[in-house]
Amino acid sequence: MAMGDYESTATSLEGEENLIAAAEHIVKALGSNKNFTKDVKKILADLGSQLSTMATIEDNMVEGKKSGIEEQLSVVEVKIMSWESDDSMIWDSGPDEVAEYLNAVDGARKLTERLENQCLSSQEEKDLLCRAHDVLQMAMQRLEDEFKHVLVHHRQPFEPEPISFRSSEDDAVEEGSIVSFGDESVEESTLRDSISRNSEEFIVDLVHPDVISDLKCIANLMFSSNYDHECRQAYILVRKDALDECLFNLEIEKLSIEDVLKMEWGTLNSKIKRWVRAMKVFVRPYLVSEKWLCDQTFAELGSSNLVCFVEAAKAPMLQLLNFAEAISIGSHQPERLVRILDMYEVLADLLLDINALFSDEVGSSIRIEYQEVLKRLADTVRVTFLEFENAIATNASISPFAGGGVHHLTKYVMNYIRLLADYNETLNLLLKNHDGAAATSLSPDMSPATGEESITKDFSDSCSPMALHLQSLTSVLEANLDEKSKLYRDASLQHFFLMNNIYYMAQKVKNSELRLIFEDKWIRKHNWKFQQHAMSYERATWSSILSLLKDDSNSSSGSTSRTVLRERLRSFYVAFDEVYKTQTAWIITDVQLREDLRISTSLKVIQAYRTFVGRQMQHIGEKHIRYNAEELQDYLLDLFEGSQKSLHNPNRR
């Protein structure tokens with residue numbers, strides 16, 4: 001008998017059985033009424049007899065029905081048992097074999113349900129039910145293995161988009177962009193990780209699309225057979241392994257918080273960069289695709305899709321979040337700020353994705369943990385920013401910086417600030433409403449030369465939170481540089497040092513995106529500052545020397561006057577020689593600033609020298625003129641090269 005004919009016959013028998021039972025009940029009720037005539041009672045008795053005969057026939061039919069169930073069970077049992085000794089997979093044997101096996105399993109399920117719904121009295125009937133359960137369990141175990149096989153065997157290779165990664169050459173360049181305060185080499189060219197914040201969500205096929213219907217069919221059959229727990233566990237186990245493999249391919253190691261806290265910064269720096277890239281790829285597109293696969297497989301099975309997705313993704317997600325948490329509770333050293341900002345930005349960028357992926361109650365624990373880690377990273381950014389300011393303020397020197405050039409601290413701070421400009425929006429958000437605490441750390445922006453009051457108050461109402469904090473950093477830096485300048489005994493070198501460093505600061509702002517943050521008013525102020533220091537340098541260096549060349553109306557006659565003039569010229573040469581010897585060792589690395597200062601100095605010195613020699617030549621005598629104006633001008637071009645020379649050295653060129 002075919003499965004459909006069997007079901008139709010069984011349904012018909014059940015209906016007749018119910019009808020006979022109801023009729024017998026009515027006859028008994030009527031027969032108990034003593035007021036009926038003899039004829040009526042005779043009719044009722046005959047009817048009862050007929051019903052009794054029909055019931056006997058029905059009993060025989062039910063017995064036949066049970067025999068039919070046993071026959072059907074034997075048929076599906078043979079089919080299911082035929083695969084128990086076969087090591088090959090059903091889903092590798094072609095669609096016809098798959099269809100036959102699924103029909104057999106579905107038949108076993110229906111027979112088991114029918115037996116469970118009947119009132120079984122005999123031991124034979126109970127044994128039949130137990131046998132049906134065994135056959136169904138055997139089939140479910142096989143389907144569980146087949147389910148795993150389809151998921152594993154038909155996995156698609158996952159290759160992240162190239163945009164999510166950077167070359168090793170880029171990493172090598174970036175390694176030198178942030179250095180310690182005492183490092184002599186500062187790489188000014190900096191690059192940020194390429195993170196596409198506006199990339200469209202897209203779904204990749206994590207398993208071959210052709211087997212989605214097979215996965216759905218197996219899941220539906222296992223769920224309808226009350227083997228939903230086994231099906232979910234099989235799916236979670238396989239997909240969790242796939243997620244772990246994805247993290248492995250993204251070079252994410254399983255590290256405890258203690259492991260991260262013990263790590264050297266150089267190693268940790270590389271791991272943070274890998275984490276940032278991996279986080280972006282793992283959530284979008286990998287988890288998005290994982291959620292889609294789960295939804296397709298369990299589409300008709302209630303909330304199982306959410307449960308399976310969350311359970312598969314939970315451990316890998318917590319592995320990523322634990323690393324971020326370790327960073328948030330680790331050191332607040334300034335060199336970590338940019339990396340922590342990278343981590344915060346990628347988490348903030350993916351927040352909507354996480355909320356959508358783990359939207360249900362079952363995913364709330366991951367959502368909450370994610371938001372907590374994001375908050376802790378935000379707090380770490382603020383604390384590290386203030387630590388950066390403190391590090392600048394407390395950076396002390398015991399000896400003057402050689403050559404009066406741009407100090408390593410200045411390069412470090414300004415290059416760092418330039419890096420922070422890339423995080424303008426993020427820092428404005430994180431520093432907003434935290435200005436009260438930060439304002440107490442703002443140092444007065446005092447000009448060492450003039451004592452000009454700070455511009456911080458002027459800008460406080462119009463500047464962004466980030467602009468105020470960056471201005472605070474430059475103010476602290478200038479105060480520190482002012483202290484460092486006092487280590488020089490030579491007043492001219494003090495101004496020379498400050499001129500160099502403030503010019504460097506102004507140029508860094510002027511020639512970068514920092515200009516939009518600091519604005520032109522700040523640039524004009526600092527241009528004025530370094531120019532003031534340049535003029536102070538010239539006064540401190542040349543005023544006393546050039547005073548020797550001043551015109552004196554009483555020096556035009558007399559032997560004593562000639563002696564005085566000659567002595568003044570000789571003193572000028574001695575002083576000039578000393579300046580040459582000293583200031584050729586001083587350094588101005590910026591070509592334009594060096595040229596401008598040389599021209600300014602040359603105009604004053606050469607003009608004074610020409611005038612003096614031209615007027616006093618007849619009184620001094622040509623033999624006392626050591627250099628002509630052109631020679632002096634050439635000598636002035638040797639200044640500020642950072643290599644000490646002497647006018648008396650024949651190999652000075």
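Calculation notes
Throughout, a residue's number is its position along its own chain's written sequence, starting from 1. Predicted model: local features are reported for residues with pLDDT of at least 70 only, side-chain atom pairs are reported and counted for 80 or more only, and whole-chain, interface and lining totals are derived from all residues. Heavy atoms from the whole structure form the basis of all side-chain values; hydrogens and water molecules are not counted. UniProt positions are given in the numbering used here, feature names are shortened, and annotations may be inferred rather than shown by experiment. The helix count covers DSSP runs of H or I at least four residues long, the strand count covers runs of E at least two residues long, and both are numbered beginning at the N terminus. Between buried and exposed lies partly exposed: a residue is buried under 20% and exposed over 50% of the maximum accessible area for its type, with that area taken using a 1.4 Å probe on protein chains only. We call two residues contacting when some pair of their heavy atoms lies within 4.5 Å. Areas reported here follow the Shrake-Rupley algorithm with a probe of radius 1.4 Å; residue values treat only the protein chains shown as occluding. Stacked, tilted and edge-to-face pairs are distinguished by plane angle, under 30 degrees for stacked and over 60 for edge-to-face with tilted covering the rest, among Phe, Tyr and Trp rings (Trp via its six-membered ring) whose centres lie within 6.5 Å. By convention a nonpolar core is built from buried Ala, Val, Leu, Ile, Met, Phe, Trp, Tyr and Cys residues, the set being connected through side-chain atoms within 4.5 Å. The salt bridge definition used is simple: a Lys or Arg side-chain nitrogen within 4 Å of an Asp or Glu carboxyl oxygen. Only protein atoms enter the calculation, which uses a 1 Å grid: trapped sets of points that fit a 1.4 Å probe without letting it out are cavities, open sets showing protein on both sides within 12 Å along at least five of seven lines are pockets, and any residue with an atom within 4 Å of a point is a lining residue. Grid points are joined across faces, edges and corners, and a volume is the space filled by probe spheres set on the points. All residues other than Ala, Val, Leu, Ile, Met, Phe, Trp, Tyr, Cys, Pro, Asp, Glu, Lys and Arg, Gly among them, are scored as polar; the first ten of these are nonpolar and the last four charged. Between the N-to-C directions of two axes lies an angle of 0 to 180 degrees, each axis being a line fitted to C-alpha atoms and, for a helix, fitted only over the stretch in contact. These descriptions rest on fixed angle ranges, namely under 35 degrees for roughly parallel, over 145 for roughly antiparallel, 65 to 115 for roughly perpendicular, and the rest for oblique. When the near helix sits turned anticlockwise from the far one by under a right angle, the crossing is termed left-handed; a clockwise turn instead gives a right-handed crossing. Expected helix span is given by 1.5 Å per residue-to-residue step, counting one fewer step than there are residues. To obtain the bend at a residue, axes are fitted to the seven residues ending there and to the seven starting there, and the angle between these axes is taken. Note: pLDDT gives the predictor's confidence per residue, expressed from 0 to 100.

Looking at an unreviewed UniProt entry, the protein chain carries the name Exocyst subunit Exo70 family protein, with the source organism given as Gossypium hirsutum. In UniProt, the protein chain has this text filed under Function (unreviewed entry): "Component of the exocyst complex." UniProt, in the comment section headed Sequence similarities (unreviewed entry), describes the protein chain in these words: "Belongs to the EXO70 family."

Participant: Is there a simple way to think about the overall build of the protein chain in this case?
Facilitator: Helix and strand counts for the protein chain come out as 23 helices and zero strands. Within the span of the protein chain, comprising 653 residues, buried residues form 47% of the whole. Long-range pairs, those at least 24 residues apart, make up 81% of the contacts in the protein chain between residues at least 6 apart in sequence. In the form shown here, the protein chain has an accessible surface area of approximately 32000 Å², with 50% of it arising from carbon and sulfur atoms.

Participant: Can you walk me through the packing of aromatic side chains in this structure?
Facilitator: For any two aromatic rings, the description comes down to two numbers: the centre-to-centre distance and the angle of the planes. Counted by the stated rule, this structure contains 26 aromatic pairs. Look at Phe-147 and Tyr-235: their rings are 6.3 Å apart centre to centre, the planes differ by 35 degrees, and that puts the pair in the tilted class. Taken as a pair, Phe-147 in helix α4 (residues 123-153) and Tyr-235 in helix α7 (residues 228-249) lie far apart in primary sequence, 88 residues in all. Classification of Tyr-235 as buried rests on a relative accessible area of 0%. When the centroid spacing of 6.1 Å and the interplanar angle of 75 degrees are considered together, the rings of Tyr-537 and Phe-640 count as edge-to-face. Taken together, the residues Tyr-537 in helix α20 (residues 514-546) and Phe-640 in the segment after α23 (629-636) connect sequence positions 103 residues apart. Note on Tyr-537: relative accessible area 0%, which makes it buried.

Participant: Would you take a moment to explain the nonpolar core for this structure?
Facilitator: Side chains of a nonpolar character, in soluble globular proteins, are inclined to be buried together. Within the largest apolar cluster, 176 residues are counted, with the highest numbers of intra-cluster contacts made by Trp-275, Phe-572 and Tyr-609. Ranked by residue count, the leading element in this core is helix α9 (residues 265-297), at 15 residues. Ignoring any residue separated from it by four or fewer positions in sequence, one finds Trp-275 in contact with Ile-252, Leu-320, Phe-323, Ala-324, Met-343, Val-346 and Leu-347.

Participant: Is there a simple way to think about the pattern of salt bridges in this case?
Facilitator: Pairing is possible between side chains that carry opposite charge, provided their charged atoms lie close to one another. Taken as a whole, this structure holds 32 salt bridges when the rule is applied. Its salt-bridge partner being Asp-106, residue Lys-110 comes within 3.3 Å of it at the nearest N-O pair. Taken together, the positions of Lys-110 and Asp-106, both in helix α3 (residues 95-117) and four residues apart, correspond to about one turn of that helix. Given the relative accessible area of 22%, Asp-106 is considered partly exposed. We note a salt bridge from Asp-379 to Arg-382, for which the minimum N-O separation is 2.7 Å. One end of the pair, Asp-379, and the other, Arg-382, are both in helix α13 (residues 364-393), three residues apart, so they sit about a helical turn from each other.

Participant: Any chance you could explain empty space enclosed by the protein here in plain terms?
Facilitator: In this approach, a probe sized like a water molecule rolls over the atoms, and the result shows the empty space that is left. Applying the stated criterion to the full structure yields three cavities of 30 Å³ or more. Forming the boundary of the largest cavity are Glu-251, Ile-252, Glu-253, Leu-255, Lys-271, Arg-274, Trp-275, Gln-319, Leu-320 and Phe-323. Those elements giving two or more residues to the lining of the largest cavity turn out to be α9 and α10 (304-328). Tallied by class, residues from the lining of the largest cavity come to five nonpolar, one polar and four charged.

Participant: Where do I start with unusual backbone geometry in this structure?
Facilitator: With glycine set apart, most residues show a phi of negative sign, and most peptide bonds adopt trans. In the Ramachandran plot, Glu-251 falls in the positive-phi region, its phi being about 65 degrees despite a non-glycine side chain. Residue Glu-519 is not a glycine yet carries a positive backbone phi of 75 degrees. Looking at the secondary structure, you find Glu-519 in helix α20. Overall, the relative accessible area of 35% leaves Glu-519 in the partly exposed class.

Participant: What's the story with the packing of α7 against α10 in this structure? I'm lost.
Facilitator: A packed helix pair is summarised by two numbers, namely the angle formed by the two axes and the spacing between the axes. Packing of α7 against α10 brings their axes to within 9 Å, and their N-to-C directions diverge by 30 degrees. Judged by the angle between their axes, α7 and α10 are roughly parallel. Seen along the crossing, α7 lies across α10 with a hand that is right-handed. Here α7 contributes Arg-232, Tyr-235, Ile-236, Arg-239, Lys-240, Leu-243, Asp-244 and Leu-247 to the contact with α10, which in turn contributes Ser-304, Val-307, Cys-308, Glu-311, Ala-312, Ala-313, Ala-315, Pro-316, Gln-319 and Leu-320. Of the residues contributing to the contact of α7 with α10, the split by class is eleven nonpolar, two polar and five charged.

Participant: Where do I start with the packing of helix α14 (residues 408-420) against helix α18 (residues 465-485) in this structure?
Facilitator: The N-to-C vectors of α14 and α18 enclose an angle of 175 degrees; their axes lie 11 Å apart at closest approach. Classified by the interaxial angle, the pair formed by α14 and α18 is roughly antiparallel. Contact residues: α14 offers Leu-409, Thr-410, Val-413, Met-414, Ile-417 and Leu-420, while α18 offers Met-466, Leu-470, Leu-473, Thr-474, Leu-477, Asn-480, Leu-481 and Lys-484.

Participant: Any chance you could explain the environment of Leu-431 here in plain terms?
Facilitator: Counting through the fold element by element, Leu-431 comes out in helix α15 (residues 424-431). Residue Leu-431 is classed as buried on the basis of its relative accessible area of 3%. C-alpha of Leu-431 to C-alpha of Arg-382: the two residues are 49 residues apart in sequence and 6.9 Å apart in space. Filtering out sequence-adjacent residues up to four positions away, Leu-431 remains in contact with Phe-385, Pro-465, Met-466 and His-469.

Participant: How do you make sense of α10 when you look at a structure like this?
Facilitator: Think of an α-helix as 3.6 residues a turn; residues three or four steps apart then line up on the same face. For α10, built from 25 residues, the straight-helix expectation of 36 Å at 1.5 Å per residue is met to within 8% by its first-to-last C-alpha distance of 35 Å. A maximum bend of about 40 degrees is found in α10 at Lys-314, where proline Pro-316 lies one to four positions downstream. Summarising burial for α10: 19 of the 25 residues are buried, a large majority.

Participant: I'm lost on α14 in this one. Help?
Facilitator: With 13 residues, α14 extends 18 Å between its outermost C-alpha atoms, agreeing within 8% with the 18 Å of an ideal straight helix rising 1.5 Å per residue. Burial within α14 is extensive, with twelve of its 13 residues counted as buried. Every buried residue of α14 is listed here: His-408, Leu-409, Thr-410, Lys-411, Tyr-412, Val-413, Met-414, Asn-415, Tyr-416, Ile-417, Leu-419 and Leu-420. At its buried positions, α14 is contacted by α11 (337-349), α13, α15, α18, α19 (491-510) and α20.

Participant: Would you take a moment to explain the confidence of the model for the protein chain for this structure?
Facilitator: Caution applies to low-pLDDT regions: their predicted coordinates should not be interpreted in detail. The predicted model of the protein chain has a mean per-residue pLDDT of 80, with 76% of residues at 70 or higher. Put simply, helix α5 (residues 168-175) is where the protein chain has its lowest mean pLDDT, 36, and α19 is where it has its highest, 96. The low-confidence segment residues 1-14, where pLDDT is below 50, has 20 contacts with residues more than four positions distant or belonging to other chains. Of the regions scoring below 50 in pLDDT, residues 436-460 engages in 49 contacts with residues more than four places distant in sequence or in other chains.

Participant: Any chance you could explain the environment of Glu-567 here in plain terms?
Facilitator: Tracing the chain through its elements places Glu-567 in helix α21 (residues 559-583). For Glu-567, a relative accessible area of 37% corresponds to the partly exposed category. Through-space distance from the C-alpha of Glu-567 to that of Ile-620 is 9.4 Å; in sequence the pair is 53 residues apart.

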